[in-house]
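# Observations on the three-dimensional arrangement
The residues making up each chain are set out below.
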Amino acid sequence: MGNKNKTISFRVSEDAFEALQEIAEERDISLSAVFRDYVEQLVDHDGRVAVVPEADLEDGEPGGGDEDLAFPPTAEVPKSFIREHERLELEADHLREQLDEYKSYVTELQDRLEDEDEVLLLDDLDDADDPSQLR
């Protein structure tokens, strides 16, 4: 069916609305974009987005010290995943190099074809092989 956008509507106080408008102006984006950014973060982190004053972030105490709600969220990646990713990057680089070599070879062959003056038609070759034509 596709990815359709939906509209969400709710009411906020006039003070909150003005504050949101100021945030949007500071970031040079629309008010809708402010909400979209927040909703995307909320969805990406399973509803675990905390609004934390910048001073708390600098002190290293986001989320009130609860490790489950640590901000910014972190994820542990197994070394095997990292190694596989690096292997695939190397393989992709190798395949790109091979592709470049094949492209240059094709270009060389096309240049050779363009440089050749003589063009042989298959019909002419058939006539030359026919013994009745040789007499």
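Scroll up to find the structure this text is about.
Residues numbered from 1 in each chain as written. Predicted model: local features only at pLDDT ≥ 70, side-chain atom pairs only at ≥ 80, totals over all residues. Heavy atoms only, no water.

### Some words on the overall build of the protein chain
Just so we agree on the cut-off: Numbering of helices and strands starts at the N terminus; helices are DSSP runs of H or I of at least 4 residues and strands are runs of E of at least 2. Relative accessibility decides the category of a residue: with a 1.4 Å probe and only protein chains considered, values under 20% of the type maximum give buried, values over 50% give exposed, and everything between is partly exposed. Accessible areas in this description were obtained via Shrake-Rupley with a 1.4 Å probe; residue shielding takes into account the shown protein chains only.
A count of helical and extended segments in the protein chain gives five helices and zero strands. Going from the N terminus to the C terminus, the protein chain shows its helices and strands as α-α-α-α-α. Classification of the 135 residues of the protein chain by burial places 5% in the buried group. On the protein chain, roughly 13,000 Å² of surface is accessible, and the fraction owed to carbon and sulfur atoms is 50%.

### Here we look at the pattern of salt bridges
To keep it simple, the criterion reads: Salt bridges, as used here, are contacts in which a Lys or Arg side-chain nitrogen is within 4 Å of a carboxyl oxygen on Asp or Glu.
Following the criterion strictly, the structure yields five salt bridges and no others. Notably, a salt bridge pairs Asp-37 with Arg-27, separated by 2.7 Å at the nearest N-O pair. Note that Asp-37 is positioned in helix H2 (residues 31-44) and Arg-27 in helix H1 (residues 14-27), a separation of ten residues in sequence. By relative accessible area, Arg-27 is classed as partly exposed at 45%. The salt bridge involving Glu-84 is made with Arg-87; its shortest N-O contact spans 2.7 Å. With a gap of three residues between them, Glu-84 and Arg-87 both fall in helix H4 (residues 79-115), about one helical turn apart. Exposure remark for Glu-84: the relative accessible area of 36% places this residue in the partly exposed category. When salt bridges with common partners are traced through the structure, they connect Glu-84, Arg-87 and Glu-91 into a single cluster.

### Focus: the packing of H1 against H2
The description of two helices packed together rests on the angle between their axes and the distance between the axes. Keep this limit in mind: Here an axis means a line fitted to C-alpha atoms, over the contact stretch when the element is a helix, while the angle between two N-to-C directions is reported on a 0 to 180 degree scale. When an angle is under 35 degrees it counts as roughly parallel; over 145 it counts as roughly antiparallel; between 65 and 115 it counts as roughly perpendicular; any other value is oblique. Any two residues having at least one pair of non-hydrogen atoms within 4.5 Å are treated as being in contact. Charged residues are taken to be Asp, Glu, Lys and Arg, nonpolar residues to be Ala, Val, Leu, Ile, Met, Phe, Trp, Tyr, Cys and Pro, and polar residues to be all remaining types, Gly included.
Where H1 meets H2, the closest approach of the two axes is 8 Å, and the angle between their N-to-C directions is 90°. In this view, H1 runs roughly perpendicular relative to H2, as classed from their interaxial angle. On H2, the residues that touch Phe-17, Leu-20, Gln-21, Ile-23, Ala-24 and Arg-27 of H1 are Leu-31, Val-34, Phe-35 and Asp-37. Along the lines of polarity and charge, the residues of the contact of H1 with H2 split into seven nonpolar, one polar and two charged.

### Digging into unusual backbone geometry
For Asp-28, which is not glycine, the phi dihedral falls at a positive 55°. Secondary-structure assignment places Asp-28 in the loop between H1 and H2. Look at Asp-28 and you get exposed, because its relative accessible area is 70%. Despite not being glycine, Asp-46 shows a phi value in the positive range, around 50°. Along the chain, the position of Asp-46 falls in the loop between H2 and helix H3 (54-59). Relative accessible area serves as the criterion here: at 71%, Asp-46 is assigned to the exposed category.

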